[in-house]
Amino acid sequence: MSHEPCSHIPSFTGSFRENLEALIAVLEHGDKDPAGKRIGFELERILIDDQGRTVPFAGERGVGALIAELARSRSESELVYIDGHLLGLDYTFHGELETVGVTVSLEPAAQLEVSAGPAHSVKALYDAICAFDAEVERACAAIGLDASLVPVGYNPVVSSPLDLELIPKERYRDMDAYLSRRGRYARDMMRCTASTQVSLDYEDERDAARIYRMATLLGPLFAFLFDNAPTFRGEPSPGMARSRIWHHVDVDRCGIVPGAIEGLSFEDYILWVSGVKPILFTDAEHVTTSTGDCYTRDIMSNRPLEPAELMHLLSMVFPNVRLKGFVELREMDSLPPRLAAACTSFTGALLYDKCLEQKLAEHLRDYLPHGFAGMDENDAVVARLHLEEQGWDAQVYGMPVEALVDAMVAVACENVALGCGCTGIGKDEPASVTVPVVRETGPASAFDLEGIQMLAQLWGNRLLPRDETARELGNELDCVH
């Protein structure tokens, strides 16, 4: 498929208009009844062997062989082939609380990603992740691989991203070539980082804009509180390594989407996507080609696109908060499964609350009496820089970071305990509408509250996940050497 010539000028007629409306429809399709909202999370981890080496994709004991072994217990319909290689799995986990969809895929340097959900309870997601981890342990033993899935924001055993080879996926080769010319840490992002991402449903466009706004404002806090990268290129990290890396990947497709805090419509978001160069394009026949200097709007202007092609365009942008028919939080580092679940409970209990900003203002009346009114994108950028530079001593949005963290924890705990976070239930709200993370009573809600309290205890001691990870990695590497 040829993408030349590239006009660089958006035309709101013909195929562009048709594809614009189709992409807006993709986002509108995410609309959910309040009681039908669910939540999901994905967890990326790095496979490191008993010699302290990153396990590569290739070889009889490589990640490719591990995926093949995992596939032995799956039907052909559950296997995912890309560019002629088995690179993932897509199956259903039947848990005690509910049935959960699970997708297994590989990041550019064979980081193993497992995505669970959506589900009505975080406990069900966690159970699915634990079942997958047990399968990985069995498969490693079967192929003679002594290795562990290490949940960490940056690969702790490499000093250069060039030490790691890309998996055989054309998309990643094109991205590596393009992004390495755009940002000095693009290859670090692709090859060395791993994250935890949380997916949230929305009721309608207005609800999506509200969640997006609050996720953007609180994003710097999420990046700080879930910092789990104690090293960068083999040396101790100054803190928030992944956050710093993303500053130097590609300014056009990363960071804050214009309008995120003022109120982002679905059309606003798609028009922003249309102004980004997609790097590559995978058509309906699964053929991937480089798009060179073409913009997404040029591809949208060529012809009406198929649904899979539209979704591909949405996947080629990497803002702090992404829209894909749900709101995707992308700020958090890879975490141990129980902490990743706690992160999901925490962010869900906050952002599903329509009254979150008002409740934070009530808890922080000395600092934030009017909520975040009057704040703009620059305030969010400054908050992130202060956290990167000063950590727990930072001032964010005019207050000590600890004050804002305490308020966030209090609101999250209240919402889980009372089961009223989804719509900010007031006098006119039906009592039956509850936040998804506590829709299931008993074990599920207790699990959420336990996780948030676990985080509160960690942060109350002015500690972050990276502190515990640094201690554990130090002990493990000492044993290897």
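Here the structure is shown first, and the text comes after it.
Not measured: the values here are computed from a predicted model. (Residues numbered from 1 in each chain as written. Predicted model: local features only at pLDDT ≥ 70, side-chain atom pairs only at ≥ 80, totals over all residues. Heavy atoms only, no water.)

Enquirer: How do you make sense of the environment of Gly183 when you look at a structure like this?
Expert: Its place among the elements puts Gly183 in the loop between α4 (170–179) and α5 (186–192). The spatial distance from the C-alpha of Gly183 to the C-alpha of Ala342 is 33 Å, given a sequence separation of 159 residues. Ignoring any residue separated from it by four or fewer positions in sequence, one finds Gly183 in contact with His248 and Val249. (Helix = DSSP H or I, 4+ residues; strand = E, 2+ residues; numbered from the N terminus. Contact = heavy atoms within 4.5 Å.)

Enquirer: Hey, could you run me through the pairing of strand β5 (residues 112–119) in this one?
Expert: A regular strand places its side chains on the two faces of the sheet in alternate fashion. Looking at chain direction, strand β1 (residues 39–49) and β5 are connected through 6 bridges and run antiparallel. Its bridge partner lying in β5, Ile39 is registered against Ala119. Direction of pairing for strand β4 (residues 99–106) relative to β5: antiparallel, over a ladder of 5 bridges. Pairing of Leu106 across the sheet is with Leu112, part of β5. The hairpin turn running from β4 into β5, its antiparallel successor, is 5 residues long, and Ala110 in that turn takes a positive phi close to 75 degrees. (Pairing = 2+ DSSP bridges.)

Enquirer: In this structure, what is going on with a negative patch on the surface? I would like to understand it.
Expert: Taken together, the side chains of Glu18, Glu21, Glu28, Asp31, Asp204, Glu205, Glu267 and Asp268 define an acidic patch exposed on the protein surface. Those elements that provide at least two residues to the negative patch are α1 (14–28) and α8 (266–274). Examining the composition of the negative patch, we find that 3 residues originate from one element, α1, more than from any other. Relative to the elements of secondary structure, Asp31 occurs in the loop between α1 and β1. Its relative accessible area of 32% is what places Asp31 among the partly exposed residues. (Patch = residues over 30% accessible without salt bridge, like charges linked within 9 Å, V, L, I, M, F, W, Y side chains within 5 Å. Areas by Shrake-Rupley, 256 points an atom, 1.4 Å probe, with all protein chains shown as cover. Salt bridge = Lys/Arg side-chain N within 4 Å of Asp/Glu carboxyl O. Lys, Arg positive; Asp, Glu negative; His and termini not counted. Charge placed at Lys NZ, Arg CZ, Asp CG, Glu CD. Buried < 20%, exposed > 50% of the residue type's maximum accessible area, 1.4 Å probe, protein only.)

Enquirer: It is not clear to me how the environment of Ser115 should be interpreted in this structure. Could you clarify?
Expert: In this structure, Ser115 sits in strand β5. Placed 20 residues apart in sequence, Ser115 and Glu135 show a C-alpha to C-alpha distance of 15 Å. With residues near it in sequence (within four places) discarded, Ser115 still touches Phe41, Glu42, Gly101, Val102 and Thr103.

Enquirer: Help me understand the pattern of salt bridges in this model?
Expert: Under the counting rule described, the total for this entry stands at 31 salt bridges. Asp207 serves as the salt-bridge partner of Lys37, at 2.8 Å between the closest nitrogen and oxygen. Taken as a pair, Lys37 in the loop between α1 and β1 and Asp207 in helix α6 (residues 205–225) lie far apart in primary sequence, 170 residues in all. Residue classification places Lys37 among the buried residues on the basis of a relative accessible area of 1%.

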